[in-house]
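Secondary and tertiary structure notes
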Amino acid sequence: MSFNETVSMYAQQTFGSLFGSIEYKLAVAALIMLSSLILAYLVDIVFKKVVLHYASKTRFEIDDLVIHAVKRPIYYTVIIMGAFLALSIVGGAESYLWIFNDILLTILALVWIFTLISLNRILFDNVFPSLVKKTETKIDDEMLPLLKGLSDIVIGLVGIGLILEGVWGVNVVPLFASAGIVGIAIAFAAKDAISQFFGGLSIYYDKPFKNGDRIEIADGQLGIVEEVGIRSTRILDFYNNMIIIPNSIIANNKVINYTSPQPKMMVKITIGVVYGSD
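Here is what the cut-offs are and how they apply
- Residues numbered from 1 in each chain as written.
- Predicted model: local features only at pLDDT ≥ 70, side-chain atom pairs only at ≥ 80, totals over all residues.
- Heavy atoms only, no water.
- Helix = DSSP H or I, 4+ residues; strand = E, 2+ residues; numbered from the N terminus.
- Buried < 20%, exposed > 50% of the residue type's maximum accessible area, 1.4 Å probe, protein only.
- Pairing = 2+ DSSP bridges.
- Axes fitted to C-alpha atoms, helices over the stretch in contact; angles between N-to-C directions.
- Patch = residues over 30% accessible without salt bridge, like charges linked within 9 Å, V, L, I, M, F, W, Y side chains within 5 Å.
- Areas by Shrake-Rupley, 256 points an atom, 1.4 Å probe, with all protein chains shown as cover.
- Salt bridge = Lys/Arg side-chain N within 4 Å of Asp/Glu carboxyl O.
- Phe/Tyr/Trp six-rings, centres within 6.5 Å; stacked < 30°, edge-to-face > 60°.
- Lys NZ or Arg CZ within 6 Å of the ring centre and 35° of its normal.

Now for unusual backbone geometry. Although it is not a glycine, K207 adopts a positive phi angle of roughly 50°. Position of K207 among the secondary structure elements: in the loop between α8 (191–206) and β1 (214–217). What makes K207 exposed here is its relative accessible area of 52%.

Judged by which residues are buried, β1 turns out to be one-sided: I215 and I217 face inward and are buried, whereas R214 and E216, on the alternate face, are not. Pairing of β1 with strand β2 (residues 222–228), which is carried by three bridges, proceeds in the antiparallel orientation. The residue bridging R214 from the neighbouring strand is I224, located in β2. In this antiparallel pair of consecutive strands, β1 and β2, the connection spans four residues, and G220 shows a positive phi of 100°.

A few words on the environment of I153. Within the element layout of this structure, I153 appears in helix α6 (residues 139–167). Sequence separation between I153 and I117 is 36 residues; the distance between their C-alpha atoms is 8.8 Å.

With that out of the way, let us pick up the sheet that holds strand β4 (residues 242–246). As summarised here, the arrangement of the five strands in space is β4-β3-β2-β1-β5, forming an open sheet in which the pairing is antiparallel. Each edge of the open sheet carries a strand with a single partner, namely β4 and β5 (255–257). On average, each strand axis in the sheet is inclined to that of its neighbour by 40°, with strand direction left out of account. Where strand β3 (residues 232–236) lies against β4, five bridges are found, and the strand directions are antiparallel. Within the sheet, the bridge partner assigned to I235 lies in β4 and is I243.

A contiguous nonpolar surface patch, about 580 Å² in accessible area, is contributed by I99, F100, I103, I107, W168, V170 and L175. With respect to the helices and strands, F100 occurs in helix α4 (residues 98–126). In this structure F100 comes out as partly exposed when scored by relative accessible area, which is 43%.

Time to look at the packing of aromatic side chains. As enumerated under the stated definition, the model contains two aromatic pairs in all. Ring centres of Y75 and Y76 lie 5.6 Å apart, and the angle between their planes is 65°; this geometry places the pair in the edge-to-face category. Overall, Y76 belongs to the partly exposed group, its relative accessible area being 38%. The ring of Y75 carries R72 above its face, with NZ or CZ at 4.4 Å from the centroid.

Applying the stated criterion across every chain yields a total of six salt bridges. Ionic pairing is found between D152 and R121, a salt bridge with its closest N-O pair at 3.0 Å. Here R121 lies in helix α4 and D152 lies in helix α6, a separation of 31 residues in the sequence. Residues joined in a network through salt bridges with shared partners are D44, K48, K71 and R72.

In this section: the pairing of β3. As a general feature of sheets, a regular strand has side chains that alternate between the two faces. Note: β2 against β3, four bridges, orientation antiparallel. Residue pairing for β3: E227 is matched across the bridge by R234. Taken together, β3 and the strand that follows it, β4, pair antiparallel across an intervening segment of five residues, in which N240 is found at a positive phi of about 65°.

Structure representation (structure tokens):
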């Protein structure tokens, strides 16, 4: 039994026995709708006059952003739930008004999906940048916008899946299976880009070198590490040329780090000496 059916049946069992006629049901539904509007207005006043007032006195900006992000969704939630309950009382468990309740639940779910996306963006715009700035590499700075976009997509897909499954009763397993097949095809087409991306991840977490290290790749490329990015690593050789090497090549080849564990190194020098010299 879906959430819509459960609430409708409970509302009918609770209020239907008290108010059998349609006139009483309409009166109760109107009272519930009016109460939800008043409650939503009071919640909005509390947020504006109390919650935002105290949040503005803190030294953090993120609490103001979070409160602004959830204020209107809470307001809409109170109104939509009042309308949902009112329709459940009037319509009943076997009524064609189910479709309106499903639409209300869908609207409510979409409101909170967009709210979660807004909260996610607040974290990626105001919290995570200050954390990644403390690291030495730039790859996490470059990954931040990518992770931000991916997390938005995940929130949206999971939310839509829950709406289809929980509200409309659609089996989303075949849809996700089809999406998985499409994802495999895309991944196969972009295997080089994906290998470079995961090569960058392996360099970031394994940390075989860092910016400023003197390294040599297995193919003989020698230089100073200037920057480690998502797709490639930039090395400045001793001729002052910038060498851009895909991360997949670095991750799959031997790398000699002449700076680690200490910058001192031994160098072999061939010296020619004439015969008969002292």
